[in-house]
4 protein chains.
Amino acid sequence: MRGLIALEEHLSTPRNDELWDAAGEAARNGRAYTAEVEARLLDAERRITAMDGAGIETAIVSLTSPGVQSVLDPRQAAELARDTNDTARRDFVDAHPGRLEFFAAVPLQDPRAAADELERAVRDLGAKGTLVNGYTNVGDENTARYLDEPANAPFWAKVAELDVPVYLHPREPLPGQRRLYEGYASLVGSAWGFGHETATHAVRLMLSGLFDTHPGLRIILGHLGEGLPFLLPRLEHRLYKQREGIGLGSARRRVSEYFEENFLVTTSGHFHTRSLDNAIAAIGADRVLFSVDYPYETMDEAVTWFTACPLSRSDHAKIGAGNARRLFDL
Amino acid sequence: MRGLIALEEHLSTPRNDELWDAAGEAARNGRAYTAEVEARLLDAERRITAMDGAGIETAIVSLTSPGVQSVLDPRQAAELARDTNDTARRDFVDAHPGRLEFFAAVPLQDPRAAADELERAVRDLGAKGTLVNGYTNVGDENTARYLDEPANAPFWAKVAELDVPVYLHPREPLPGQRRLYEGYASLVGSAWGFGHETATHAVRLMLSGLFDTHPGLRIILGHLGEGLPFLLPRLEHRLYKQREGIGLGSARRRVSEYFEENFLVTTSGHFHTRSLDNAIAAIGADRVLFSVDYPYETMDEAVTWFTACPLSRSDHAKIGAGNARRLFDL
Amino acid sequence: MRGLIALEEHLSTPRNDELWDAAGEAARNGRAYTAEVEARLLDAERRITAMDGAGIETAIVSLTSPGVQSVLDPRQAAELARDTNDTARRDFVDAHPGRLEFFAAVPLQDPRAAADELERAVRDLGAKGTLVNGYTNVGDENTARYLDEPANAPFWAKVAELDVPVYLHPREPLPGQRRLYEGYASLVGSAWGFGHETATHAVRLMLSGLFDTHPGLRIILGHLGEGLPFLLPRLEHRLYKQREGIGLGSARRRVSEYFEENFLVTTSGHFHTRSLDNAIAAIGADRVLFSVDYPYETMDEAVTWFTACPLSRSDHAKIGAGNARRLFDL
Amino acid sequence: MRGLIALEEHLSTPRNDELWDAAGEAARNGRAYTAEVEARLLDAERRITAMDGAGIETAIVSLTSPGVQSVLDPRQAAELARDTNDTARRDFVDAHPGRLEFFAAVPLQDPRAAADELERAVRDLGAKGTLVNGYTNVGDENTARYLDEPANAPFWAKVAELDVPVYLHPREPLPGQRRLYEGYASLVGSAWGFGHETATHAVRLMLSGLFDTHPGLRIILGHLGEGLPFLLPRLEHRLYKQREGIGLGSARRRVSEYFEENFLVTTSGHFHTRSLDNAIAAIGADRVLFSVDYPYETMDEAVTWFTACPLSRSDHAKIGAGNARRLFDL
Ligand SMILES: [Zn+2]
Ligand SMILES: [Zn+2]
Ligand SMILES: [Zn+2]
Ligand SMILES: [Zn+2]
């Protein structure tokens, strides 16, 4: 296929590399793999070459996880976000017009500052929305704030006002919350822990009532929806059984209604046909979008799989590019 | 349909009710719902009536979660297991021959004691295997031992010797490991937290090399495999990318090989056609078995859904009863 | 569900009943069934009552098979078409505004007359397109003209000019071409022969090059596409193997391209979930439309099945009404 | 994959080539293609080379269509059958033990002779069953006898006694019954007409009551069931509506019951994932078997497609070889 659009595609910046200690990740993922990923995160030219080879016309790039979300000092977080967005615009978008777009990084340590930076990125820099790497540390590395928590109200109001999508990207669980993975460090990140962390984060948003306040919000999940296509029906069924219990959140509708109306999912890093089938069946082919998760994944592998998927021409066209074109006005 | 067999069907006993403080669960699930469940857990007659009404010929009953796994005193755990198995045999199996069978409870606080009790239950009482409610507390309520941990070697050796299935049933995450659910108590248990806890437990078993040591082990998962049909391909794909990293466990084969050869899944509490489709596609119709999760679920609802599922006669027959008949020699 | 739209819904008229000898059909289908159908074909009030009961907001009605296509005298055919369209407008559409629309009948015995009548029906009477009951007899009951044959060029030019859909509806095979069904009269019509007759007719259109001449044509097939979602891939594969052979027609593209771009399919009379799955996979959910085939089928049965189908809300909405609303500007 | 078994694999013999005028087929399919096919039909060595290359361990070979079924002189038919079976045994099976097996040809012009030859082929030559190329000409090329017709009773009694499968293979429709394909000679054979001819033949068997008389019969259909997985539900539904009508045959059960209990289907010549999905959903993975349709199809293409199909290991193993091994005791 040609003319594909991909939207979970990551970059890093010199400043991000200074702030983030990748030692743990490098140990877990292997040093050679990590070194290659790190080099590619910074390199717009190799990215374009890979896109040309695979038939990807346009990629929407974003700061790799955990990015701004893990910076403990709010001022530093704001600076990193600003620097990231300026760099993304200058070294990626402007250097390859029509080929690269970007999602803004936002310093949710201070939701008002996040709102301001989002506004600047969208209005002044042309950001296509924002990508948030899960919970944001507030105070220390074991203190998290999820996006449904009330402090984030100004951020969501700005998202609604600007009417841009929010990509909810994974990050690793809190260091003190990894007992379940003990002995299997390989499970902490993208292989396994990422998915539950992010799927639960999405469920928190659904239960919080956020989508009753802002019915037009559009949240994008990677990895074919982080398991939600399969798991959500049981969640909804059990919540109904528990409807006289506590801790149900404030939402007025059923979780599947929000999932089908406020969410979109991408194929990033989950190149499996039956899971794609399940995702399409759950959310409809208008809400599934091709993505790679470069440079953690290779464009060739993603495109080869997607091209061979037994989809109708219409679904191939929608998922490959059409849905993204409509969503981001590309 | 008639002649169905169900195998994630729970009971309680007076002794278990004394030892387990159900207050948290009652708050979360609602008092009326919980009271009704608790009454049904003890009542073999109402169970048979419900089975008759729904067309379920045989149910394999087991002690409800967390059961023996949460008892902090190992001696008390052993006593509860023994009492449970005697009660299951006397008040359920013997009271309704041909209609009820049982899975043994085992005191994994002391794996040798668990092995002994399993042997007694299988050889003397006719247990059809054992059902384990997730990790076992050792020491205090925040200290867990998962089934892949080396201390459990004598237990697994006995399971292999007796050649009986192990049903790996959910329990709630450790109290100190629930930050992700904070603010949404409804998510801790069957609605959501159960699934990740149990799926990860299963993955730990796969990575540990247990199935290389005992290739004939058969592990049963409820809830259509706790998300694994959808999630496992990405896990395997990422573990391969991380193959030079650390914390990968000791297994010699790929996780999907163990899943397809050492696991079976039931429909308990997940009555959703597309998730069933995904489960069948992932593991084959010979390894999917009907179950209800009574009395948390109603038999009528489970059977009505299953009967209407767009399955071939052959798959209906296998999943409804044939696979269980073969597996348990019924 | 409420607000459904159905588009393979049949009527008859007094004049049609005079011209068509239903004796063979009555024998094959059973007299009581046929009598009930014939009464309902004429009765707009009972139809509305059935629609109200089932939740169908709007039905597009059309003259039942074979209708005008089987009239041997071209003048009589033209008169029947004209009378049918006037009756449809007066006794159905005008009597139930907003609830009933109609497809025009056209006298293809004379393609220019068919073009004229289509234009009159669309422009003056508000017809939503035309429904053609398969081949048209020319001369005698064993002489057929299919829609791909060159004589029909003026008809297709008018269809393209008016830009309205053509519903290609089944009729029985030619009397002299039924050896394969001999001994099993039940197979001649809707149960079996209809499907092959109509699927082949559609394939003829694809091979003829018609869609190269008029790329905007939209052909609607009932019965989930008359088997084409399943069968077309083999046809295309074999035609490629035979590409140096004869009798391949004049089309410039592959049959599946026409199927996916020039065809739509309805659920009429084929209420089976796996066949629907296959149809959606083949042609995309934007090209599948709910229909009943009333009064041969009952609205309740169709709606009950469709409502229970394991589809996303989005696909339910599209197939149930959205696609028809867009296609027919309802 | 390695170790595959394929069972719709054709051969010819010098005697068959003398009797069958392949001119029409050569024109329709292209001369170069046909010449290549004809050379390969005779050549056991090239077949083995192709099997080695593609990973096919064992092929069950059979006389190509129409074979014995089209011979007008019953004595000549009997001789051709006998010669074919002796040749298959000597030049194919004995020349490549363990790699090639065969289905007997039978002269159904005289059903008692067919029964005798089947018995000889099975008992003396080790035939794995018989493959019948559709209807048999009796008298002239426009006179057909289908397998459900009463004259064939002695043949079916012998099949039941020997307890061997019957592969019902396509042949082209009667010369006088091709009006529907007029103008498109490419549609007469494997691309299109084959399927309807054979699916209808299978339906005739179902309706005839044959499987009530001989409940153990096993009929194999190629090409993923010739459309029946998709079409049969509508057939059954309409036959029920027509149950007071005529021409319904003598069967005591519903057509889908026979399909699911007396039929098996192969993948021959229909290498399409969604159609395979539909076939598995309709009949269960225990009744779907890999096949190629060599030399009309290439082994590499079939195996490449099948290997890439998103099937569980279990279904891959069953369809690829296990079902055939069980069915033919290989
Ligand atoms: Zn990513
Ligand atoms: Zn349970
Ligand atoms: Zn109709
Ligand atoms: Zn063949």
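The structure we're discussing is the one just above.
On a predicted model such as this, the values are computed, not experimentally measured, just so you know.

Help me out: how do you make sense of the relation of the copies chain B and chain A in this one?
For the pair of chain copies, the relating transformation is a rotation about an axis with a translation along it. Least-squares fitting of chain B to chain A yields an RMSD of 0.0 Å, with the superposition described by an axial translation of 0.0 Å and a rotation of 180 degrees. Such values leave the two copies arranged in the relation of a two-fold axis. Taking the C-alpha atom as reference, chain B places Gln177 of chain B closest to the rotation axis, 2.6 Å from it. When you check the interface residues of chain B against chain A, 100% turn up at the interface there too, and the contact is symmetric in its surfaces.

Would you mind going over the state of the cysteines with me for this structure?
As used here, a disulfide is simply a covalent bond connecting the sulfur atoms of two cysteines. Going through the model one piece at a time under the given rule, you end up with 0 disulfides over all chains. The cysteine Cys309 of chain A is free of any disulfide, with Cys309 of chain D supplying the nearest cysteine sulfur at 12 Å. A relative accessible area of 5% means that Cys309 of chain A is categorised as buried.

Before we go on, may I ask you to explain the interface of chain C and chain D in this structure?
Where interface size is quoted, it is often the accessible area lost as the parts come together. On the chain D side, the residues contacting the 71 residues of chain C number 71 residues. Both sides of the chain C and chain D interface together cover about 6,100 Å² of buried area, and 58% of this is carbon and sulfur. Contact with chain D buries surface across chain C, with Trp192, Phe230 and Arg234 of chain C losing the most and accounting together for 14% of the total. Our count for the chain C to chain D interface comes out at 8 salt bridges. A salt bridge links Glu297 of chain D to Lys241 of chain C; its shortest N-O distance comes to 3.9 Å. The tally of links between chain C and chain D comes to 52 residue pairs in polar contact (both at pLDDT 80 or more). Contributions of two or more residues to the side of chain C that touches chain D are made by helix 2 (23-29), strand 6 (144-145), helix 8 (193-208), helix 10 (223-226), helix 11 (228-241) and helix 13 (273-283) of chain C. No other element matches helix 11 of chain C, which puts 11 residues into the side of chain C that touches chain D. Residue classes in the side of chain C that touches chain D are distributed as 30 nonpolar, 24 polar and 17 charged.

Please clarify how the relation of the copies chain C and chain D should be interpreted in this entry.
Laying chain C over chain D is done by rotating through 180 degrees and shifting 0.0 Å along the axis; what remains is an RMSD of 0.0 Å. Mapped onto chain D, 100% of the interface residues of chain C again fall at the interface, so both copies present the same surface.

For this particular structure, what's the right way to read the interface of chain B and chain A?
Each side of the interface is counted separately: chain B has 71 residues, and chain A has 71 residues. When chain B packs against chain A, the two sides together hide about 6,200 Å² of surface, and 58% of this comes from carbon and sulfur. The largest share of the area that chain B buries against chain A comes from Trp192, Phe230 and Arg234 of chain B, three residues that together contribute 14% of it. Where chain B meets chain A, there are 8 salt bridges. We note a salt bridge from Arg238 of chain A to Glu297 of chain B, for which the minimum N-O separation is 2.5 Å. Applying the counting criterion to the chain B and chain A interface returns 52 residue pairs in polar contact (both at pLDDT 80 or more). At the level of secondary structure, the elements contributing two or more residues to the side of chain B that touches chain A comprise helix 2 (23-29), strand 6 (144-145), helix 8 (193-208), helix 10 (223-226), helix 11 (228-241) and helix 13 (273-283) of chain B. With 11 residues, the top contributor of residues to the side of chain B that touches chain A is helix 11 of chain B.

Sorry, what's going on with the coordination of the zinc ion (ligand 2) here?
A four-donor tetrahedral metal ideally has 109.5 degree angles, and a six-donor octahedral metal ideally has angles of 90 or 180 degrees. Residues and elements named next belong to chain B. Listed as protein donors to the zinc ion (ligand 2) are Glu8 (OE), His10 (NE2), His169 (NE2) and Asp293 (OD); their distances from the metal cover 1.9 to 2.3 Å. Taken together, the 4 donor atoms surrounding the zinc ion (ligand 2) define angles of 85 to 175 degrees at the centre, an arrangement classified as irregular. Within one chain, the residues donating to the zinc ion (ligand 2) are spaced in sequence as E-x1-H-x158-H-x123-D. With a gap of 124 residues between them, His169 in the loop between strand 7 (166-168) and helix 8 and Asp293 in the loop between strand 10 (288-289) and helix 14 (299-308) connect regions that are remote in the sequence.

The rules behind the values
- Throughout, residues of each chain are indexed from 1 in the direction in which the sequence is written.
- The naming scheme follows written order: chains are lettered A onward, ligands numbered 1 onward.
- Local features in a predicted model are, by the rule used here, given only for residues with pLDDT of at least 70; side-chain atom pairs are given and counted only at 80 or more, and totals for whole chains, interfaces and linings are based on all residues.
- The side-chain quantities take in all heavy atoms of the structure and omit both hydrogens and water.
- Our superposition of the copies is a least-squares fit, built on the C-alpha atoms of residues whose pLDDT is at least 70 in both.
- Contact definition: two residues touch when any of their heavy atoms are within 4.5 Å.
- Two cysteine sulfur atoms form a disulfide, by the criterion used here, when they sit within 2.5 Å.
- Residue exposure (1.4 Å probe, protein chains only): buried if accessible area is under 20% of the type maximum, exposed if over 50%, otherwise partly exposed.
- The term buried area denotes the loss of accessible surface (1.4 Å probe radius) that occurs when two parts are joined, taken as the sum for both partners.
- Salt bridge, as used here, is a side-chain nitrogen of Lys or Arg placed within 4 Å of a carboxyl oxygen of Asp or Glu.
- We call two N or O atoms a polar contact when they sit within 3.5 Å, provided that within protein one can donate a hydrogen and the other can accept it, with sequence-adjacent residues counted only if both atoms are side-chain atoms.
- Numbering goes from the N terminus for both helices and strands, where a helix is a DSSP run of H or I of at least four residues and a strand is a run of E of at least two.
- Each residue gets one label: Ala, Val, Leu, Ile, Met, Phe, Trp, Tyr, Cys and Pro are nonpolar, Asp, Glu, Lys and Arg are charged, and the others, such as Gly, are polar.
- Distances decide who is a donor: an N, O or S atom must be within 2.8 Å of the metal, or within 3.2 Å for Na, K and Ca. Water is not included, so sites may look incomplete.
- For a four-donor site, all angles between 85 and 135 degrees give tetrahedral; for four or six donors, opposite pairs above 155 degrees with the remaining angles between 65 and 115 give square planar or octahedral; all remaining cases count as irregular.

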